[in-house]
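Observations on chain architecture
Read off the chains here:
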Amino acid sequence: MNYVQAVAAPERNIGRIKLHDRQDAFAGMRAAGRIAAGCLDMLAGEVREGVATGRLDDLARQYLFDHGAVPACVFYRGYRHTVCTSLNHVVCHGIPGERVLRSGDILNIDVTCVFDGWHGDTSRMYGVGDVPRKAQRLMDVTYEALMRGIAAVKPGATLGDLGHAIQSYAESERTSVVREFCGHGLGRVFHDAPNILHFGKPGQGEELKPGMLFTIEPMLNLGSPAVKVLNDGWTAVTKDKSLSAQYEHSVGVTEDGVEIFTQSPAGLDRPHALAD
Ligand code: MF3
Ligand code: CO
Ligand code: CO
């Protein structure tokens, strides 16, 4: 997701929101989204106790290559990996490495691929072994928050409507919405205008129009919404060390609603619910 302060810099995110051609762009986004979602489907069979997050990264990279796609994150602002692996109190941008999964962990895997010039960007939560109830609930609420945000997307609605749908539900379930990171326009560009805030007021913000392409990727915490970035320059964690969860889809605004490009071909949209 975009780092709000970073993308607020004028040279990165100013200007009009692109309205993409319905045929071409949507076909491209469908193909890219399907590969990204297929990659997360494959990983659902690999997340278990004893597996290192770096191993999941290797498998994801190989999957993308095998499907004619490339990872968008490698060399993106100096990032070196295919996926982000964000465990427990890590909010986002966790770096894959030697950390081995343990029973009770909750893990977000976020993958972005480029296929035929188009970006597919999606993430899901995975549970490892016996996941505590409160962690399971957080993942359930986060998935539902994403889907409520998506349900608010249609021509004539505003970005504030979308943010409000997520925030009002999340807060009614006693979770908090991270403010520092947001969704983003995407297409041939990885992080484009507009910023998609996961909080907001009905009727405010930019009006949605057919042909807009963007991600929705709410991060919800069990405790306070405050986050900080570790010294590695990437890993964002909750300041109070409370658990955090995230789900992400890439979507497009259609004439009468929304199309999700990153739905799971295998029906594994909620891998966290597969946990024991
Ligand atoms: N996939 C993330 C997003 O949702 C971006 C990860 S940052 C990177 O926008 F450096 F890892 F690419
Ligand atoms: Co994203
Ligand atoms: Co992502």
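Rules behind the numbers
- Residue indices begin from 1 for each chain and proceed along its sequence in written order.
- Here every chain gets a letter starting at A, and every ligand a number starting at 1, in the order they are written.
- Thresholds applied to this predicted model are a pLDDT of at least 70 for local features of residues and 80 or more for the giving and counting of side-chain atom pairs; totals over whole chains, interfaces and linings are not thresholded and use all residues.
- Neither water nor hydrogens contribute to the side-chain values; these are computed over all heavy atoms in the structure.
- Here the term donor refers to an N, O or S atom within 2.8 Å of the metal (or 3.2 Å for Na, K and Ca), and because water is left out of the atoms, sites may appear incomplete.
- For four-coordinate sites, all angles between 85 and 135 degrees define a tetrahedron; for four- and six-coordinate sites, opposite donors beyond 155 degrees with the remaining angles between 65 and 115 define square planar and octahedral shapes respectively, and all other cases count as irregular.
- Every case where a carboxyl oxygen of Asp or Glu lies within 4 Å of a side-chain nitrogen of Lys or Arg is listed as a salt bridge.
- Each helix is a run of DSSP H or I of at least 4 residues and each strand a run of E of at least 2, with the numbering of both proceeding from the N terminus.
- The rule is simple: take the accessible area with a 1.4 Å probe, protein chains only, and divide by the maximum for that residue type; under 20% is buried, over 50% is exposed, in between is partly exposed.
- Strand pairing follows a simple DSSP-based rule, namely that at least 2 bridges must link the two strands.
- Here, axes are lines fitted to C-alpha atoms. For helices the fit covers the stretch in contact, and angles between N-to-C directions go from 0 to 180 degrees.
- Here a Phe, Tyr or Trp ring, Trp counted by its six-membered ring, pairs with any other such ring whose centre lies within 6.5 Å, and the pair is stacked when the planes are under 30 degrees apart, edge-to-face when over 60, and tilted otherwise.
- In our convention, an over-ring charge means Lys NZ or Arg CZ found within 6 Å of a ring centre and within 35 degrees of that ring's normal.
- A cavity here means a set of 1 Å grid points, computed over protein atoms only, where a 1.4 Å probe fits but cannot escape. A pocket is an open set with protein on both sides within 12 Å along at least 5 of 7 lines, and lining residues have an atom within 4 Å of a point.
- Grid points are joined across faces, edges and corners, and a volume is the space filled by probe spheres set on the points.
- Each residue gets one of three labels, nonpolar for Ala, Val, Leu, Ile, Met, Phe, Trp, Tyr, Cys and Pro, charged for Asp, Glu, Lys and Arg, and polar for the others, Gly among them.

1. Considering the coordination of the cobalt ion (ligand 3)
Protein ligation of the cobalt ion (ligand 3) involves Asp110 (OD), Asp110 (OD), Asp121 (OD) and Glu248 (OE), the donor distances falling in the range 2.1 to 2.4 Å. One way to put it: the six donor atoms around the cobalt ion (ligand 3) meet at angles of 58 to 170°, and that makes the site irregular. In primary-sequence terms, the residues that donate to the cobalt ion (ligand 3) follow D-x10-D-x126-E. Between the cobalt ion (ligand 3) and the cobalt ion (ligand 2), the interatomic distance is 3.3 Å, and Asp121 donates to each metal, bridging them.

2. Overview of the coordination of the cobalt ion (ligand 2)
Each donor-metal-donor angle in an ideal tetrahedron of four donors is 109.5 degrees, and each such angle in an ideal octahedron of six donors is either 90 or 180 degrees. Around the cobalt ion (ligand 2), the protein contributes the donor atoms Asp121 (OD), His184 (NE2), Glu217 (OE) and Glu248 (OE), which lie 2.0 to 2.2 Å from the metal centre. Note that the cobalt ion (ligand 2) binds six donor atoms; their angles at the metal cover 51 to 158°, and the shape is irregular. Along the chain, the residues donating to the cobalt ion (ligand 2) are arranged with the sequence spacing D-x62-H-x32-E-x30-E.

3. Let's talk about the pattern of salt bridges
Summed over all chains, the structure comprises 11 salt bridges. One salt bridge connects Asp57 with Arg61, and the closest N-O pair in it is separated by 3.8 Å. A residue pair is termed a helical-turn pair when its members lie 3 or 4 positions apart in one helix, as Asp57 and Arg61 do in helix α4 (residues 53-66) at four residues. Residue class for Asp57 comes out buried when judged on its relative accessible area of 3%. A residue is classified by how much of its surface remains accessible, and Arg61, at 29% relative accessible area, is partly exposed. Among the ionic pairs, Asp140 bridges to Arg270, the shortest N-O distance being 3.3 Å. A residue pair is termed long-range when its members are at least 10 positions apart, and Asp140 in helix α5 (residues 133-151) and Arg270 in the segment after β16 (258-260) qualify at 130 residues. By relative accessible area, Asp140 is classed as partly exposed at 30%.

4. Digging into the sheet that holds strand β4 (residues 90-92)
Strand order in the open sheet made by the three strands is β4-β13-β12, with antiparallel pairing throughout. The sheet terminates laterally at β4 and β12 (227-229), the two strands that pair on one side only. Ignoring strand direction, the axes of neighbouring strands in this sheet form an average angle of 40°. Note: β12 against strand β13 (residues 236-238), three bridges, orientation antiparallel. The residue bridging Val227 from the neighbouring strand is Thr238, located in β13.

5. Observations concerning the packing of aromatic side chains
One pass over the full model with this rule turns up four aromatic pairs. A cation over a ring is seen here: Arg179 above Phe199, with NZ or CZ 4.7 Å from the ring centre.

6. Brief notes about empty space enclosed by the protein
Tallying each qualifying case throughout the model produces one cavity of 30 Å³ or more. Of the voids in this model, the largest cavity is the one considered here, and its volume is about 40 Å³. As for the largest cavity, its lining consists of Ile17, Lys18, His20, Gly185, Leu186, Asp192, Ala193, Pro194, Met212 and Leu213. Here the element with the most residues in the lining of the largest cavity is strand β9 (residues 192-196); it accounts for three residues. Taken together, the residues that form the lining of the largest cavity break down as six nonpolar, two polar and two charged.

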